[in-house]
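# Residue-level structural notes
Each chain, letter by letter, is given below.
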Amino acid sequence: MSHDGQNVGEGRPYLADRLALSLINRKQVSPAGFTTAEGGAVSMDEATCKAVLVAWQKRKQEQVVHPFLGEKVSVGLLVRLQARLLARRDACPRPLIIGSSQTRSSIDPAPTVRLSRR
C-alpha cells in the first residue's frame, strides 16, 4: 500500500471499500459531512472524521481466517502479513531455468511461501 493512494492493492475492497459502504449504509456518514474545495479536493468535517476513525479502529479488532495461512488474525494485521509474505517471496526469486528452446524467468509464478509458526 502506498501513502499516495495510487497503489492501494488487493486489500482495498475488503478493508477500505467495505468500511466505507458500511458507514454509508448505516447512515453513520452522509454527504453533509464532506466538503469539496474548488480544485476538487474532498475533506471531512470533524464529526465525520471521528465516525470513520472509530469504525476503522473497531474493524481492525475483528478476527478473520487468513485465506493462505488458515489461522485467525485481526483485520488490522492483514496488510502487515501480506507485506511479509510478499517480502519473503521477493527475497527468494525463482532462478532462471534455461530450457532447450527457451528461457523462462520472472514470468513463472513465484514459489509457494509459508510463514514460520512461532
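Coordinates for the structure precede this section.
Heads up: these notes are all about the structure in this document. (Residues numbered from 1 in each chain as written. Predicted model: local features only at pLDDT ≥ 70, side-chain atom pairs only at ≥ 80, totals over all residues. Heavy atoms only, no water.)

## Let's talk about the pattern of salt bridges
The line we're drawing: Salt bridge, as applied in this entry: a Lys or Arg side-chain nitrogen positioned within 4 Å of an Asp or Glu carboxyl oxygen. Only protein chains enter the accessibility calculation, which uses a 1.4 Å probe. A residue is then buried if its area is under 20% of the maximum for its type, exposed if over 50%, and partly exposed in between.
One pass over the full model with this rule turns up one salt bridge. Here Arg59 and Glu62 are joined by a salt bridge, their closest N and O atoms 2.5 Å apart. Classification of Glu62 by relative accessible area gives partly exposed; the value is 37%.

## A word on the packing of helix H1 (residues 12-25) against helix H2 (residues 46-61)
Going by this rule: Angles shown run from 0 to 180 degrees and are taken between the N-to-C directions of axes, each axis being a line fitted to C-alpha atoms and, for helices, limited to the stretch in contact. Put simply, DSSP marks the helices as runs of H or I at least four residues long and the strands as runs of E at least two long, and each gets a number from the N terminus on. We call two directions roughly parallel when the angle between them is under 35 degrees, roughly antiparallel when it is over 145, roughly perpendicular when it lies between 65 and 115, and oblique otherwise. Should the near helix be turned anticlockwise from the far one by less than a right angle, the crossing is termed left-handed; should it be turned clockwise, right-handed. Contacts were defined at the residue level, with two residues in contact if any of their heavy atoms lie within 4.5 Å. Each residue is assigned to one of three groups, with Ala, Val, Leu, Ile, Met, Phe, Trp, Tyr, Cys and Pro labelled nonpolar, Asp, Glu, Lys and Arg labelled charged, and all others, Gly among them, labelled polar.
For the pair H1 and H2, interaxial distance at closest approach is 11 Å and the crossing angle is 125 degrees. Here H1 lies oblique to H2, going by the angle between them. For H1 against H2, the interelement crossing comes out right-handed. Seen from H1, the contacting residues are Tyr14, Leu15, Arg18, Leu19 and Leu23; seen from H2, they are Ala51, Val52, Ala55, Trp56 and Arg59. Classifying every residue of the contact of H1 with H2 gives eight nonpolar, no polar and two charged.

## Some points on H1
As a reminder, the rule being used: One fewer than the residue count of a helix, multiplied by 1.5 Å, yields its expected span. Here the bend at each residue means the angle between axes fitted to two seven-residue stretches, the one ending at that residue and the one beginning there.
Between the first and last C-alpha of H1 there are 18 Å, a value that for 14 residues agrees with the 20 Å anticipated at 1.5 Å per step. The sharpest bend along H1 measures roughly 30 degrees and falls at Arg18. Considered for burial, the residues of H1 that qualify are Leu15, Leu19 and Leu23. At the exit of H1 stands Lys27, carrying a positive phi of roughly 60 degrees.

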